[in-house]
Amino acid sequence: MNRIQTLFAKAKAENRSIFTAYLTMGYPDMAFSEKAVEALIDHGVDIMEFGVPFSDPMADGPVIRDAARIALQNGANLKKILASIARLRKRYPTVPFILFSYYNVIFSYGLERFAEEAEQAGVDAVLPVDVVLEEREELLEPLRRHNMTIVPLVAPTTHLDRVAEIARGLEDSFLYVITVNGVTGARAELPHELTRRLHDIRQVSGMPVLAGFGIGKPEQAEAVCRACDGFIVGSAIVKILLDNPNDEGLKKIAEFASSF
Amino acid sequence: MKNRTHYGIYGGQYVAETLMTPLAELERAYFEAKKDPSFQAEFDSLMKHYVGRESPLYHAERLSGFCGGAKILLKREDLNHTGAHKINNTIGQALLAKRMGKKKLFAETGAGMHGVATATVAALFGMECEVFMGAVDVERQAPNVERMRTLGAKVTAVTEGSGTLKDAMNEALRRWITEVEEAFYVIGTVAGPYPYPMMVRDFQSVIGIEARRQCLEEYGKLPAEVIACVGGGSNAMGIFAGFLEDPSVRLIGVEAGGKGIETGEHAASICGGRLGVLHGSKCYLLQTDEGQIVDTYSVSAGLDYPGVGPEHCLLHDTGRAEYVAINDDEAIHAFDMLSRYEGIIPALESSHAVAEALKRAPNLSGDDLIIVNLSGRGDKDMQSVKNYKAQKGL
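Rules and cut-offs
Residues numbered from 1 in each chain as written. Chains lettered and ligands numbered in written order. Predicted model: local features only at pLDDT ≥ 70, side-chain atom pairs only at ≥ 80, totals over all residues. Heavy atoms only, no water. Phe/Tyr/Trp six-rings, centres within 6.5 Å; stacked < 30°, edge-to-face > 60°. Helix = DSSP H or I, 4+ residues; strand = E, 2+ residues; numbered from the N terminus. Buried < 20%, exposed > 50% of the residue type's maximum accessible area, 1.4 Å probe, protein only. 1 Å grid on protein atoms, 1.4 Å probe; cavity = no way out; pocket = protein on both sides within 12 Å on 5 of 7 lines; lining within 4 Å. Points joined across faces, edges and corners; volume = space filled by probe spheres on them. Nonpolar A, V, L, I, M, F, W, Y, C, P; charged D, E, K, R; others polar. Domains from an automatic or database assignment. Buried area = accessible area lost by both parts, 1.4 Å probe. Salt bridge = Lys/Arg side-chain N within 4 Å of Asp/Glu carboxyl O. Polar contact = N/O pair within 3.5 Å; in protein donor to acceptor, adjacent residues only side chain to side chain. Contact = heavy atoms within 4.5 Å.

1. Quick look at the packing of aromatic side chains
Residues and elements named next belong to chain B. The final tally for this structure, using the stated rule, is 22 aromatic pairs over all chains. Ring centres 6.4 Å apart and planes at 90 degrees place the aromatic pair F106 and F132 in the edge-to-face group. Of the two residues, F106 sits in strand β5 (residues 104-109) while F132 sits in strand β6 (residues 128-134), which places them 26 residues apart along the sequence. The same class applies to F106 as to F132, namely buried. An angle of 10 degrees between the planes, with centres 4.9 Å apart, marks the rings of F106 and Y185 as stacked.

2. Concerning empty space enclosed by the protein
Residues and elements named next belong to chain B. Enumeration over the complete set of coordinates arrives at 7 cavities of 30 Å³ or more. Elements that contribute at least two residues to the lining of the largest cavity include exactly β5, α6 (113-125), α9 (165-178), α11 (234-240) and α15 (348-360). For the lining of the largest cavity, the class distribution of residues is 11 nonpolar, 17 polar and 5 charged. Structurally, the lining of the largest cavity is a two-domain feature, drawing no fewer than three residues from each of domain 1 (2-47 + 86-196) and domain 2 (53-83 + 205-392).

3. A few points about the domain arrangement of chain B
Residues and elements named next belong to chain B. Domain parsing of chain B yields domain 1 (2-47 + 86-196) and domain 2 (53-83 + 205-392). Each of domain 1 and domain 2 has a C-alpha centre, and the two are 22 Å apart. With both chains or domains summed, domain 1 and domain 2 bury close to 3200 Å², and 61% of this area falls on carbon and sulfur atoms. Of the charged contacts in the structure, one is a salt bridge between D304 and R140, with a shortest N-O distance of 2.8 Å. Applying the counting rule to domain 1 against domain 2 returns 16 residue pairs in polar contact (both at pLDDT 80 or more). Taken together, the residues of the side of domain 1 that touches domain 2 break down into 18 nonpolar, 15 polar and 5 charged.

4. Notes on the interface of chain A and chain B
Taken together, the contact between chain A and chain B spans 36 residues of the former and 40 residues of the latter. Counting each side, the surface lost to burial between chain A and chain B is near 2900 Å², with a carbon and sulfur contribution of 49%. Notably, a salt bridge pairs R65 of chain A with E171 of chain B, separated by 3.8 Å at the nearest N-O pair. In this assembly, chain A and chain B are joined by 25 residue pairs in polar contact (both at pLDDT 80 or more). Mapped onto the side of chain A that touches chain B, the elements with two or more residues apiece are α3 (62-73), α5 (103-109), β6 (153-154) and α8 (160-167) of chain A. Per-element tally for the side of chain A that touches chain B: the top contributor is α5 of chain A, with 5 residues.

So this is what it looks like as structure tokens:
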């Protein structure tokens, strides 16, 4: 069993939901991001998603775009992010680490070199934002050879038969279900038919299901968790740090994480 | 599955999962339309009565005389309604949008010609229209912004990144992800995720099919060379499509060399880029060593794009087409030459193709023909050319 499977088995036994946090790495610099990850994990985050900044973040809302732009200006890159992950892995041996990236950054790095270094750093899975089922084999093959998996996305537009196809072969992972049409970013309200949808997706995939995009409040997290295994918070955390790129911000995200 | 969506290793569908269902619906609708004779008939009728096709294949005699060597023939896409080849594609896509019951079109634009062409068909079909345009391009192509607004479109300036075509396309993709049910995304070039490269090429292939027939009718033979400028590559793919099966015809794509490939300030993806993934497809891409997309540069807004259509990448690799770069100075020179020798003011984009013809014609014999795709007219570029010359002290 990989770290993801171990965590989900444990959470199931304890009858609790999984809290996943996303962070744009390198905002405002790498050292700060590492402290932010520690603050999050120390205050209840179960799975950590490490966002790799990209110059053309087509699926992201303004918050994550701003953070990515500043991170790139300050010299963030994949190599430094993997080095950060390696350091954090020593401190957190069991927390699943997901690398969240646009494909070109990984592809340009060299898929084999990437897979080898990501495994060494302690990455468990890659979530490639713009690599869909039809294109994923090229990435999945080297990842498999290095004992990693892919976290696939399921969108509101994804039909259930496609969900089943997406799930096939990734049973050691979980599904990241996008709750709303649109880019990343917290929303005031989530669609009311979401509960049914999450239930159906869980049924056809047979995989653990986490819901993300638009979740920024404990009430929203609680609501989706009635129908799935957990939730993902990204922009809401990044927003706190954008407004407070300092020790105050670290304190605030710790409090924020504790509130879930 | 690979073969359907890819051109060799290029192309594909590198998009957010949200877009996979709409892309599948689009592909299905497109294939159905293609089989429907009434769709083709409506397209042909609009091409004739609304766009004003066919466009002439004009022998630029004075320009040819000046160069010496081959006869230079201009495929006059600049004479189409709206002043460029872009309208061929937007009519096709708008007809498709209508079939699919979509009420709203949106598009990205660089030079503004695709934006104008989309705004035009939106007016024609009574649809809503929003055009995303980089803030830098809004400045340098101001007349086209006014045209789009006059046609009833909303023009949204995109300030992120370099404020050019790629940033406009990022924003258009974000809008699509958000309004996936209601809106139809009219991509202006042979890039983007499958089926766009195929669809846009098909709609633009009218250029090459016509040019080939006109050339045979008028001159009784095929051209030695066909030259077209390449940003994303839609006018080039459109004219190449007519000649792909004629091995004697050399196909030459002209990229924007900007200040020179060696300076790094250019937009020549094939000549100066390496394999990558952007905006839905795998292609030659201008990027840093770390896989970040770089800010491209060209005097011509329509060529100012870091990627290139996947079919061009394959044609380059197989050697069926050659890709070269023309820098700003050469393009401006060609712009002046065509204006003064033929009374035709070309778009700065098309001026790149004209410049390449000026280089090549003297190496061929007087019996040889070169067809240049004159993809657009230059009215929109008067200010850019004036500024460029003032800067250079010309």
